Amino acid sequence: MAKDSLTITDNRTGTAYEVPIADGTINAIDLRKIKTDAEDFGLMTYDPAFMNTASVRSKITFIDGDKGILRYRGYPIEQLAEHVGCFDEIGYLLLNGELPNPKQLTEFQKTVNSHAILHENVKKIIEGFRHDAHPMGVFISTVAALSTFYPEAKNIFDQEIRRRQIYRLIAKVPIIAAYAYRHAMGLPYVAADQEMSYAANFINMMFRNGDKNYAVHPVLEHALMVLFILHADHEQNCGTNAMRAIGSSHVDPYAATAGAAAALWGPLHGGANEAVLHMLNQIGTIENVPAFIASVKDGKGKLMGFGHRVYKNFDPRATVIKRLADEVFAVTGQNPRLKIALELERIALEDEYFIKRKLYPNVDFYSGLIYQAMGFPLDFYPVLFAIPRTAGWLSQWEEHILDQEQKIARPRQIYLGYDERPWVPMDKR
Ligand code: CMC
């Protein structure tokens, strides 16, 4: 008779063990009862990079990597990208589990907007950086510094205080990002405008110049909102895992968000959008594409913006972005690097190396081309990923700290170093 359990026979001892199966998983701690004798620590699993380990139960984001499905709280990403009217709807949805009705949305926007300002001393922190500091370094440091401005944030189990920090962070991350840019450019800061949408306000804070007729182009506002939606959450990726792991020590959300952003910065993760543009610049012309692909297959570097740990099919975000690119280029003019990207994709999708490994374009392959066309500097792209992801990180963080099954994140190791040995004095080494 079928049973939701697994029977394991330990061939070292001949003993059989039965462990329950729930939600398609076994509980790793159940393996600890598998011992050779009473002194034995018990069996562990070894899973570097969490290739086959679920570390949380979550209700926020669903991905089916083989089918190319991504949903926030059950809503397909394609539908959200098409129908959502402003990014705040996504922030609300991720945090609260439901789409907001008009009253809830207005209330949410009002609360977030009430925090859309930076303490003068935070501006001074940003000003302490060199003009050529990488904006992601400025972003991470400034987000971390916020914890010193709001010491109440350590009361993470007080719902009102916790939520206040969440709204603060969502409101302040675009301002920090924009001010990092304005500082680097030697431009005066532009205050947040509460009448504008989250995306338009950000573009305005970045690019408003002396022209009193300056207005954010509605197509670019819409494009950035869609990009923000696509980047808002992605279940247990490296940055979110960092957010949860750091948060599991019960540190305040500013420190945890700074840590998550640091994890995001790497070129294998949210730094890939910047790396794609460096790669396209390095390739230079379409004629060089075959040689570049050959060098990748030769192991001399990666095709940045391709491949994903979970998606073994098209990344649904990349499909939306590719369509979005046409809308943006109709306004900004085509990005000259687009042709190289399209040729890379065409060759890669027909090539045995990439087919066999199920490597498809991911979210970062085309996003950088759009950011560049919109006027964002190259090193700014990971920051554009971090701004909307902050809402996702905070939703995941809140879920994590309220989860009764969670404890401080603390993996085990297989120790391969020396056994005990006696101290060697300096003159004997
Ligand atoms: N170009 C060339 N080969 C690749 C690539 C690539 N972009 N990605 C994976 N491979 C190869 C890899 O060398 C390996 O080959 P082999 O089996 O011969 O050793 C095989 O494909 C499996 O790769 P893996 O490294 O085991 O896969 P992973 O799940 O550990 O890594 C990844 C996933 C995203 C880190 C990786 O695909 C990668 O480095 N891609 C380029 C960077 C990138 O675009 N990152 C953005 C990810 S999407 C945004 C986000 O949410 O972070």
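Residues numbered from 1 in each chain as written. Predicted model: local features only at pLDDT ≥ 70, side-chain atom pairs only at ≥ 80, totals over all residues. Heavy atoms only, no water.

Novice: I'd like a description of the overall build of the protein, backed by residues and values.
Specialist: Each helix and strand in the protein was counted, giving 17 helices and six strands. For the protein, the C-alpha radius of gyration of 24 Å lies close to 22 Å, the compact-globule estimate for 429 residues. Projecting the C-alpha coordinates of the protein onto the three principal axes gives extents of approximately 80 × 70 × 55 Å. Buried positions account for 47% of the 429 residues belonging to the protein. Sequence-distant contacts, at least 24 apart, represent 70% of the contacts inside the protein between residues at least 6 apart. Of the roughly 21,900 Å² of accessible surface on the protein, 54% is carried by carbon and sulfur atoms. (Helix = DSSP H or I, 4+ residues; strand = E, 2+ residues; numbered from the N terminus. Rg over C-alpha atoms; globule rule 2.2 N^0.38 Å. Buried < 20%, exposed > 50% of the residue type's maximum accessible area, 1.4 Å probe, protein only. Contact = heavy atoms within 4.5 Å. Areas by Shrake-Rupley, 256 points an atom, 1.4 Å probe, with all protein chains shown as cover.)

Novice: Give me the lowdown on the packing of aromatic side chains, citing residues and values where you can.
Specialist: Any aromatic ring pair is given by two values, namely how distant the centres are and how the planes are angled relative to each other. Taken as a whole and judged by the stated rule, the model has 20 aromatic pairs. With centroids separated by 6.1 Å and ring planes inclined at 70 degrees, the aromatic side chains of Y198 and F228 adopt a geometry described as edge-to-face. Remark: F228 occurs in helix α8 (residues 218–231) and Y198 occurs in helix α7 (residues 198–207); sequence separation between them is 30 residues. We note that Y198, like F228, is buried. It is R357 that lies over the ring of Y353; its NZ or CZ is 3.8 Å from the centre. The ring of Y418 carries R421 above its face, with NZ or CZ at 3.3 Å from the centroid. (Phe/Tyr/Trp six-rings, centres within 6.5 Å; stacked < 30°, edge-to-face > 60°. Lys NZ or Arg CZ within 6 Å of the ring centre and 35° of its normal.)

Novice: Give me the side chain of D233: which residues, what numbers.
Specialist: In this structure, D233 sits in the loop between α8 and α9 (238–247). At 2.5 Å, the side chain of D233 forms a polar contact with the side chain of T61. Apart from residues no more than four positions distant in its own chain, D233 is found in contact with I60, T61, Y72, L94, R389, G392, W393 and Q396. (Polar contact = N/O pair within 3.5 Å; in protein donor to acceptor, adjacent residues only side chain to side chain.)

Novice: Give me the lowdown on the sheet that holds strand β2 (residues 15–22), citing residues and values where you can.
Specialist: Pairing is antiparallel in the open sheet, where three strands are placed in the order β1-β2-β3. The sheet is open, and its two edges are formed by β1 (5–10) and β3 (25–26), each paired on a single side. Sheet topology places β1 next to β2; six bridges connect them, and they run antiparallel. Counterpart to I8 in the pairing with β2 is Y17. (Pairing = 2+ DSSP bridges.)

Novice: Got a sec to walk through the sheet that holds strand β4 (residues 61–64)? Specific residues and values, please.
Specialist: If you walk across this open sheet you meet the three strands as β4-β5-β6, and the pairing is antiparallel. A strand with exactly one partner marks an edge of an open sheet, and here the two such strands are β4 and β6 (75–76). Sheet topology note: the strand β5 (residues 69–72)/β6 ladder contains two bridges and is antiparallel. Looking at β6, one finds that Y72 is bridged to Y75.

Novice: Summarise a nonpolar patch on the surface; cite the residues concerned and give the values.
Specialist: There is a patch of nonpolar side chains on the surface, built from F41, M44, Y46, I414 and L416 and spanning about 590 Å² of accessible area. By secondary structure assignment, the location of Y46 is in the loop between β3 and β4. (Patch = residues over 30% accessible without salt bridge, like charges linked within 9 Å, V, L, I, M, F, W, Y side chains within 5 Å. Salt bridge = Lys/Arg side-chain N within 4 Å of Asp/Glu carboxyl O.)

Novice: Describe the site of the ligand, with residues and values.
Specialist: Neighbouring the ligand are 20 residues, the closest being H269, K302, L303, G305 and R309. The contact in question runs from a nitrogen atom of the ligand to an N or O atom on the backbone of L303, over 2.7 Å. Between the ligand and R309, the relevant distance is 2.7 Å, taken from an oxygen atom to a side-chain nitrogen or oxygen of the residue. Summarising the interface, the protein chains cover 73% of the accessible area of the ligand, which totals 930 Å² for the free molecule. (Near = heavy atom within 4 Å.)

Novice: Would you mind going over the nonpolar core in detail, with residue names and values included?
Specialist: Counting residues in hydrophobic clusters, the biggest one holds 117 residues, and the most contacted among them are Y72, F202, M279, L303, L344 and F376. When residues of this core are assigned to domains, at least three fall in each of domain 1 (74–265) and domain 2 (272–373). Residues in contact with L344, not counting those within four places in the same chain, are M279, L280, I283, V289, F292, I293, L303 and F365. (Core = buried A, V, L, I, M, F, W, Y, C linked by side-chain atoms within 4.5 Å. Domains from an automatic or database assignment.)

Novice: Account for the environment of G305, with residues named and values stated.
Specialist: Positionally, G305 belongs in the loop between α12 (289–297) and α13 (316–332). Between the alpha carbons of G305 and A81 there is a distance of 21 Å; along the sequence they are 224 residues apart. Residues within four places of G305 in sequence aside, it is in contact with V276, Y360, P361, N362, D364 and F365.

Novice: Could you give me a rundown of the pattern of salt bridges, with the residues and numbers involved?
Specialist: Inspection of every chain in the model, using the stated rule, returns 19 salt bridges. A salt bridge links R57 to D23; the shortest N-O distance between them is 2.5 Å. Linking R57 in the loop between β3 and β4 with D23 in the loop between β2 and β3, this pair joins segments that are 34 residues apart in sequence. According to the relative accessible area criterion, R57 is partly exposed, its value standing at 46%. D23 gets classed as exposed once you look at its relative accessible area, which sits at 63%. Through salt bridges with shared partners, one network takes in E152, E160, R164 and R168.

Novice: Go over the environment of G284, please, and point to the residues and values.
Specialist: Tracing the sequence through the fold places G284 in the loop between α11 (272–283) and α12. Sequence spacing of G284 and I29 is 255 residues, and the spatial spacing of their C-alpha atoms is 52 Å. Once you skip the residues sitting within four places of it in the chain, G284 turns out to touch R337 and I340.

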